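Notes for the structure review
The primary structure of each chain is shown beneath.
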Amino acid sequence: MTSATASWRPQAFGRRNVKSIRDPLIEPLWEGERLLIAAERSWAEVVSPTGEVAIELDPEIGEALAGGVRAASVVLDGYLTPQPVRSPDRIRVVDVSAPTATDMAGQLLLGRSRARRRELAESLGDVNPDEAVALVVVDLLALDGEQLLDVPLLERKRILESVVSEGPLVRLGTYVRPPVDPWLGTWRALGFHSIAYKAANSRYRPGERNDAWAIARIPQR
């Protein structure tokens, strides 16, 4: 990680109503440890929200990430999460007609890893230490030493898909276009409590609050 990016922290969500977000990309909000991660083909390191290394990146996750980076270097925003792991299918954006519940369940969640890391899981708080923990990558902030902070979010996500390979331990977060209602029931059933609205044209300001991003609770039945 360069001296410039070493001081970066995850961008915070704003306080606006999600209905005010123009042209949103909508994501299930992952639970776990949100981190910025710098990676190359041979190594990966964590930057915590507080500026300290809160946890060591699980060796297998770090190896999987570094081995799947198709670039000289990247800086990523993502979550270490133990949320239910049910399918290894690739997560893709949905821009067209709503999929069936079976399709959504098959696309959404992480591939379960046989490797379980009790020590890492316990560091995430009230997490079952027997649950698998994986990295869900949701944003790309730098590529080959070039900052992408002023690149629109949708373009950053498209580039991200081309430079980070997925596997059981490293996944790309799903996102959809409105309408989101067809997805809410499946996301709720899969254990998600909130959703994130992010303007497709939004920029990234490390460590700052961005009103182009907002969070809403998933309605109960």
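Here's what I pulled together on the structure shown here. (Residues numbered from 1 in each chain as written. Predicted model: local features only at pLDDT ≥ 70, side-chain atom pairs only at ≥ 80, totals over all residues. Heavy atoms only, no water.)

1. A closer look at the overall build of the chain
Put simply, the test is: Only DSSP runs of H or I covering at least 4 residues are called helices, and only runs of E covering at least 2 are called strands; the numbering of each starts at the N terminus. Exposure categories follow from relative accessible area, calculated using a 1.4 Å probe and restricted to protein chains: below 20% of the type maximum is buried, above 50% is exposed, and the middle band is partly exposed. Here the accessible surface of atoms and residues is derived via Shrake-Rupley with a 1.4 Å probe, and residues count as covered only by protein chains that are part of the display.
A tally of regular secondary structure across the chain gives five helices and eleven strands. The buried share of the chain, reckoned over its 221 residues, is 52%. Element-wise, carbon and sulfur atoms account for 47% of the exposed surface of the chain, whose accessible area totals about 10400 Å².

2. Notes on helix α5 (residues 181-189)
Residues of α5 that are buried include every one of Trp183, Leu184, Thr186 and Trp187, and no others. After α5 finishes, the residue Gly191 shows a positive phi value of roughly 100°.

3. Describing the environment of Arg171
Mapped onto the elements of the fold, Arg171 is located in strand β8 (residues 170-172). Separated by 92 residues in the primary sequence, Arg171 and Tyr79 have C-alpha atoms spaced 10.0 Å apart.

4. Some points on the pattern of salt bridges
Using the following cut-off: By convention in these notes, a salt bridge is any Lys or Arg side-chain nitrogen within 4 Å of a carboxyl oxygen on Asp or Glu.
In the structure shown here, the tally under the stated rule is seven salt bridges. A salt bridge links Asp23 to Arg177; its shortest N-O distance comes to 2.5 Å. Here Arg177 lies in the loop between β8 and α5 and Asp23 lies in the loop between β1 (12-13) and β2 (24-28), a separation of 154 residues in the sequence. A relative accessible area of 47% means that Asp23 is categorised as partly exposed. In this structure, Asp77 and Arg34 form a salt bridge, with 2.6 Å as the shortest nitrogen-oxygen distance.

5. A short note on unusual backbone geometry
Outside of glycine, negative phi angles account for most residues, and trans bonds account for most peptide bonds. Cis rather than trans, the peptide bond between Pro178 and Pro179 has omega equal to 5°. Relative to the assigned elements, Pro179 resides in the loop between β8 and α5. A positive phi angle, close to 50°, is found at Asp23, a residue other than glycine. You will see that Asp144, though not glycine, has its phi angle at about 50°, which is positive.

6. Considering the sheet that holds β2
Applied cut-off: For two strands to pair, DSSP has to find at least two bridges joining them. Each axis is a line fitted through C-alpha atoms, and for a helix only the stretch in contact is used; angles between axes span 0 to 180 degrees, taken between their N-to-C directions. What makes two residues a contact is simply this: any of their non-hydrogen atoms within 4.5 Å.
Pairing is antiparallel across the open sheet formed by three strands, whose spatial order is β2-β9-β11. Sheet topology places β2 and β11 (213-217) at the edges, where each strand pairs with a single neighbour. On average, each strand axis in the sheet is inclined to that of its neighbour by 25°, with strand direction left out of account. When strand β9 (residues 194-199) meets β11, the two strands line up antiparallel, connected through five bridges. Looking across to β11, one finds that Ile195 is bridged to Ala216. Helix α4 (residues 153-163) rests against β2, β9 and β11 of the sheet, and its axis sits at about 55° to β2.

7. Considering the nonpolar core
Condition: In these notes, a set of buried Ala, Val, Leu, Ile, Met, Phe, Trp, Tyr and Cys residues joined through side-chain atoms within 4.5 Å is what counts as a nonpolar core.
Grouped together as the largest cluster of nonpolar side chains are 39 residues, with contacts concentrated most on Trp8, Ile26, Leu141, Val180, Trp187, Ile195 and Tyr197. Apart from residues no more than four positions distant in its own chain, Ile195 is found in contact with Ile26, Glu27, Pro28, Leu29, Leu184, Trp187, Ala214, Ile215, Ala216 and Ile218. Ranked by size, the runner-up nonpolar core spans 24 residues in total, among them Val46, Leu135, Val164 and Val170.

8. What about the packing of aromatic side chains?
Just so we agree on the cut-off: Between rings of Phe, Tyr and Trp, where Trp is taken as its six-membered ring, a pair exists when centres lie within 6.5 Å; planes separated by under 30 degrees are stacked, by over 60 edge-to-face, and by other angles tilted.
Counted according to the given criterion, the structure contains four aromatic pairs. Each ring, one from Phe13 and one from Trp213, has its centre 5.5 Å from the other, and the planes form 50°; the classification is tilted. Of this pair, Phe13 sits in strand β1 while Trp213 sits in strand β11; the two residues are 200 residues apart in sequence, bridging distant segments of the chain. Residue classification places Phe13 among the buried positions, given a relative accessible area of 11%. Here Trp183 and Trp187 contribute two aromatic rings whose centre-to-centre distance is 5.5 Å and whose plane-to-plane angle is 45°, an arrangement assigned as tilted. With Trp183 and Trp187 both in helix α5, this residue pair falls four residues apart, about one helical turn. Trp187 carries the same exposure label as Trp183, and that label is buried. Taken together, Phe13, Tyr204 and Trp213 form an aromatic cluster joined through their ring pairs.

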